[in-house]
Amino acid sequence: MHGRAPDTWVIFSEELRGHLRSRWYLFFTVAVVVLLVVAMLVVPLFMDGEADSGGASAAETDLSRIGFVDNSGIFSRPEGQPGPVRYDARAEGLQALARGEIDSLYVIPEDYLQSGRIEQYAEFEGRFPSNPGGESTFRAWLVQGLIAGKVEPAVLARVFAPADYEDYRVEKDGTVSEVTPTAVAVGGLLVPLLFAGLLGLGLAVGAGYMVQNVAEEKESRLVEVVITSTSPFSIMAGKLLALGTIGLTQAAVWIVTTALTIPVIFDRIAGAGEFTVSASLWATIIGCFITGYLLTTTLAIFLGAVAPSSREASRLGGWIPVVGFVPFWFVGFLLMQPNGLAARLLSYLPITAPTGILVRIGVGGDMAGWQIAASLAGVAATAAVFLWVSTRVFRAAILMRGQNFSRHNLWTALRSG
Amino acid sequence: MNDQALHVEGLTKAFARRTVVDDLSFSVRAGEIFGFLGPNGSGKTTTIRMALGIIRPDSGSVSILGSRSELSVLRSVGYLPEEAGLPPKARVLDTIRYLGRLKGMSRADAESRANELLTRVGLYEHRLKKVDTLSQGMKQMIQFIVAVVHRPRFLILDEPFSGLDPLNVQLMKQILLEHQHAGATIMFSTHIMADVEEMCERIVLIAEGTLLLFGDLGEIRRQRGVKSVQVMADGIPDELRSDHPRVLPENIVEYQIGQERTPEQIFQAYAASGIRVDRFERVLPSLNDIFIEEVSRARKSS
């Protein structure tokens, strides 16, 4: 005979088993991991192809697949040098195109210098010409033809690559700092938005499950057995811990997957720099997940308890994901004013703050560490108030099957406990 | 007071100004099987909920297993709610184990006992199924297992036999008797009076939230007096033919007893007629008769 386990632990462990068996939870958790791993494998392939197509040898090959007819007399192709195939007449070029000797034919008119107009002939696949890169490759050859021999080779090289920007950030107080490399910048933008979206989805799935779970326990008379076995606080604490654990496990899996896969993806992007996410951002993400699950779970338990039926609970629970995703509705607006009134409201209002903070950081808003901490403390405090209210009304609400839980009931329950 | 498993005193509860339970007092002795009777809406379930501390009475007191309805005491109580239901998506074994653990059992004990009981009621092969795949009777048996899984000292069952076929009713009664023999007290409500007469030593009958009858079932029946007399004899005395007795199989004749006819008069009539009598039996009113009479009277008076 083993010793008696604390009620909260019993409820926690049994609820956790229920969550872990939820197909939605497993699918959702694994799907994100799979997507990131697939991106890690697929993105470099595209990047490699792009890098190859931009190389010198590739340009040569491309030029040999291009034909042109010069009616302006400006362009000539020195013998023995790589370049497009010259044809004397359009008809001749079109025949070569039809035979597959070239992929595209460009006809330069007599008034080219005045008009800049060039006729482009190519086969089409659907709506698009089937000569990818032909246009830009021929443009580069045109530029070279226009100015070659008239400028220094170094100038010519600079014409093709006129700028390699290095960004510096000027603060309001006049101090100048280096701007983070692309990967770091993308990490700063993409990662918070990614996790805000994942948090919103996680809350929607988890809280939706919890609302239904409580409502079904209420609708069946099982809850009467439960509340003669343990206190409402233990019931709520057990459920809260279970869903919180689920959320944090999910977050941990996603954080680890992101940390492992995104650097691999960015490594393949030339000039992207080293992918880094600051420790403070990871801490913020974890804080948002913890408080977000805390608040949403108490809200879900409350809604499940006061809903007169499981059907009504589904309707009420439908609002929770809406709350989690509200910050995303304003992303366009927040991008323009990341520190404006709306951004501040969404990142400080407890109900929207867990995703609001991440969205605001993602769009480039400034939130000091203490501001984030204060906002998340507000979320935690609101969750504590909801927990207190829910504990008080749980017993009264849970026994009212098929009846609406009125404001009068709420007030009575709050007073009497 | 330890000889009482439950004692309610002056229990009163009103919902929205309607008094559902009104100054109700009764007690259940430790170790007995007790019948809690009343028509639909008479306040039985509300009384049970107050006894279990699920809802608070407006006035009056409850003592269960010698103390107030506190969780430490209620863990020794098994409860089968009326219109019992289980979460439809939960698995049978998980649900029993979960509630067994909440009643203080270890995980291993709860699971082992759940399997034992599921085997006993013939539902072992359904243990991994979801509740919503089971029939109504199966669900009721699962709910019964939930009530007894932790071997409670006191079992409170609200309409335990509803939805069960006769075989399962018999099986449930058998398990209840085993629990009683092991020292448990059992209180159950039902509308089937035959079950009460078969199982219960004492009863309480309430209607409109007020107490109508409380005490020893045999005593209550005896107090109501003889309802009829059944005589197994070779014939009917001429003196009694005007009573238009009911003729039953096996030469049994039943005479209704009233102010104009007493059992003694019937006996003397047979003795005087010289008809051979094999059996002479005074028939007490059935619990069903008493229930109908008492509840009808209560409704008329209210």
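Residues numbered from 1 in each chain as written. Chains lettered and ligands numbered in written order. Predicted model: local features only at pLDDT ≥ 70, side-chain atom pairs only at ≥ 80, totals over all residues. Heavy atoms only, no water.

**Thoughts on the overall build of chain B**
- Within chain B, the secondary structure is distributed over 10 helices and 13 strands.
- In terms of its C-alpha atoms, chain B occupies a principal-axis envelope of roughly 75 × 45 × 35 Å.
- Evaluated residue by residue, chain B yields a buried proportion of 53% over its 302 residues.
- A fraction of 68% describes how many contacts in chain B between residues 6 or more apart in sequence connect residues 24 or more apart.
- Carbon and sulfur atoms provide 48% of the accessible area of chain B, an area that totals close to 13800 Å².
- Between the mean site of the 38 positive side-chain charges and the mean site of the 39 negative ones, chain B shows a separation of 9 Å. (Helix = DSSP H or I, 4+ residues; strand = E, 2+ residues; numbered from the N terminus. Buried < 20%, exposed > 50% of the residue type's maximum accessible area, 1.4 Å probe, protein only. Contact = heavy atoms within 4.5 Å. Areas by Shrake-Rupley, 256 points an atom, 1.4 Å probe, with all protein chains shown as cover. Lys, Arg positive; Asp, Glu negative; His and termini not counted. Charge placed at Lys NZ, Arg CZ, Asp CG, Glu CD.)

**Topic: the interface of chain A and chain B**
- Each partner contributes to the interface: chain A provides 30 residues, whereas chain B provides 35 residues.
- Summed over both partners, the interface of chain A with chain B buries about 2900 Å², with 54% contributed by carbon and sulfur atoms.
- In terms of surface lost to chain B, no three residues of chain A exceed Glu14, Leu222 and Thr228 of chain A, which account for 20% of the buried area on that side.
- Inspection of the chain A/chain B interface yields 5 salt bridges.
- Linking chain A with chain B are 8 residue pairs in polar contact (both at pLDDT 80 or more). (Buried area = accessible area lost by both parts, 1.4 Å probe. Salt bridge = Lys/Arg side-chain N within 4 Å of Asp/Glu carboxyl O. Polar contact = N/O pair within 3.5 Å; in protein donor to acceptor, adjacent residues only side chain to side chain.)

**Observations regarding the sheet that holds strand E4 (residues 119-122) of chain A**
Residue and element names in this part refer to chain A.
- Ordered in space as E2-E1-E3-E4, the 4 strands form an open sheet in which the pairing is mixed. Two strands lie at the open edges of the sheet, namely strand E2 (85-86) and E4, each paired on one side alone.
- With 5 bridges joining them, strand E1 (residues 66-70) and strand E3 (residues 104-108) adopt parallel strand pairing. In the strand pairing of E3, Ile66 is matched with Ser104. (Pairing = 2+ DSSP bridges.)

**Examining the nonpolar core**
- Counting residues in hydrophobic clusters, the biggest one holds 152 residues, and the most contacted among them are Phe195 of chain A together with Leu6, Phe26, Ile64, Phe154 and Met187 of chain B.
- Looking at this core element by element, the count peaks at 14 residues for helix H11 (residues 279-306) of chain A.
- Other than its neighbours up to four places away in sequence, Phe154 of chain B contacts Ala5, Leu6, Val28, Ile64, Leu65, Ser76, Val77, Gly78, Thr185, Ile186 and Met187 of chain B. (Core = buried A, V, L, I, M, F, W, Y, C linked by side-chain atoms within 4.5 Å.)

**Side note on the pairing of strand E2 (residues 18-29) of chain B**
Residue and element names in this part refer to chain B.
- Strand direction decides the pairing type here: strand E1 (residues 4-15) and E2, joined by 8 bridges, are antiparallel. Bridging from a neighbouring strand, Gln4 pairs with Arg29 of E2.
- Two successive antiparallel strands, E1 and E2, enclose a turn made up of 2 residues, where Ala16 displays a positive phi of approximately 50°.

**Structural notes on the confidence of the model for chain A**
- On average, residues of chain A carry a pLDDT of 80, and 85% of them reach 70 or more.
- Confidence drops under a pLDDT of 50 for residues 49-61 of chain A, and excluding neighbours within four residues, the segment shows 4 contacts in the predicted structure. (pLDDT = per-residue confidence, 0-100.)

**As for unusual backbone geometry**
Residue and element names in this part refer to chain B.
- Its identity as a non-glycine residue notwithstanding, Asp23 has a phi of 50°, on the positive side.
- With respect to the secondary-structure elements, Asp23 resides in strand E2.
- Overall, Asp23 belongs to the exposed group, its relative accessible area being 53%.
- Positive phi outside glycine occurs at Glu208, with the angle close to 55°.
- Among the secondary structure elements, Glu208 is positioned in the loop between strand E8 (202-207) and strand E9 (210-216).

**Regarding the packing of aromatic side chains**
- A full pass over the atoms with the stated rule returns 20 aromatic pairs over all chains.
- Here Phe195 of chain A and Trp282 of chain A contribute two aromatic rings whose centre-to-centre distance is 5.9 Å and whose plane-to-plane angle is 90°, an arrangement assigned as edge-to-face. Remark: Trp282 of chain A occurs in helix H11 and Phe195 of chain A occurs in helix H8 (residues 182-219); sequence separation between them is 87 residues. In terms of burial, Phe195 of chain A and Trp282 of chain A fall into one category: buried.
- Ring centres of Phe267 of chain B and Phe280 of chain B lie 5.3 Å apart, and the angle between their planes is 80°; this geometry places the pair in the edge-to-face category. In this pair, Phe267 of chain B sits in helix H9 (residues 263-273) while Phe280 of chain B sits in strand E13 (residues 277-283), placing the two residues 13 residues apart along the sequence.
- With a relative accessible area of 49%, Phe267 of chain B lands in the partly exposed category. (Phe/Tyr/Trp six-rings, centres within 6.5 Å; stacked < 30°, edge-to-face > 60°.)

**A look at the pattern of salt bridges**
Residue and element names in this part refer to chain A.
- Applying the stated rule across the entire model yields 35 salt bridges over all chains.
- In this structure, Asp70 engages Arg86 in a salt bridge whose closest nitrogen and oxygen atoms are separated by 3.9 Å. Highlighted residues: Asp70 in strand E1 and Arg86 in strand E2, separated in sequence by 16 residues.
- Residue Arg86 is classed as partly exposed on the basis of its relative accessible area, which comes to 37%.

**Description of the layout of surface pockets**
- Space inside the second largest pocket adds up to approximately 900 Å³.
- The wall of the second largest pocket is formed by 26 residues, among which Gly18, Tyr209 and Asn213 of chain A together with Lys89 and Ala90 of chain B lie closest to the centre.
- Secondary-structure elements contributing two or more residues to the lining of the second largest pocket are helix H1 (7-21), helix H2 (23-53) and H8 of chain A together with helix H3 (92-102) of chain B.
- Looking at which element gives the most residues to the lining of the second largest pocket, the answer is H8 of chain A, with 8 residues.
- Split into classes, the residues belonging to the lining of the second largest pocket amount to 8 nonpolar, 6 polar and 12 charged. (1 Å grid on protein atoms, 1.4 Å probe; cavity = no way out; pocket = protein on both sides within 12 Å on 5 of 7 lines; lining within 4 Å. Points joined across faces, edges and corners; volume = space filled by probe spheres on them. Nonpolar A, V, L, I, M, F, W, Y, C, P; charged D, E, K, R; others polar.)

**Remarks on a negative patch on the surface**
Residue and element names in this part refer to chain A.
- The grouping of Asp164, Glu166, Asp167 and Glu178 at the surface amounts to a negative patch.
- Examined against the element boundaries, Glu178 turns out to sit in strand E8 (residues 176-178).
- For Glu178, a relative accessible area of 66% gives the class exposed. (Patch = residues over 30% accessible without salt bridge, like charges linked within 9 Å, V, L, I, M, F, W, Y side chains within 5 Å.)

**A short note on the confidence of the model for chain B**
- Put simply, chain B has an average pLDDT of 90, and 99% of its residues get 70 or more.
- Across the whole predicted complex the pTM is 0.70, and at the interface the ipTM reaches 0.78.

**Some thoughts on empty space enclosed by the protein**
Residues and elements named next belong to chain A.
- Applying the stated criterion to the full structure yields 2 cavities of 30 Å³ or more.
- In this structure, the largest cavity occupies an estimated 110 Å³ of space.
- Taken together, 13 residues make up the lining of the largest cavity; nearest its centre are Leu203, Leu295, Thr296, Val323 and Ile351.
- At the level of secondary structure, the elements contributing two or more residues to the lining of the largest cavity comprise H11, helix H13 (319-329) and helix H16 (353-362).
- Counted by class, the lining of the largest cavity contains 7 nonpolar, 6 polar and no charged residues.
- If you add up the space inside the second largest cavity, you get close to 70 Å³.

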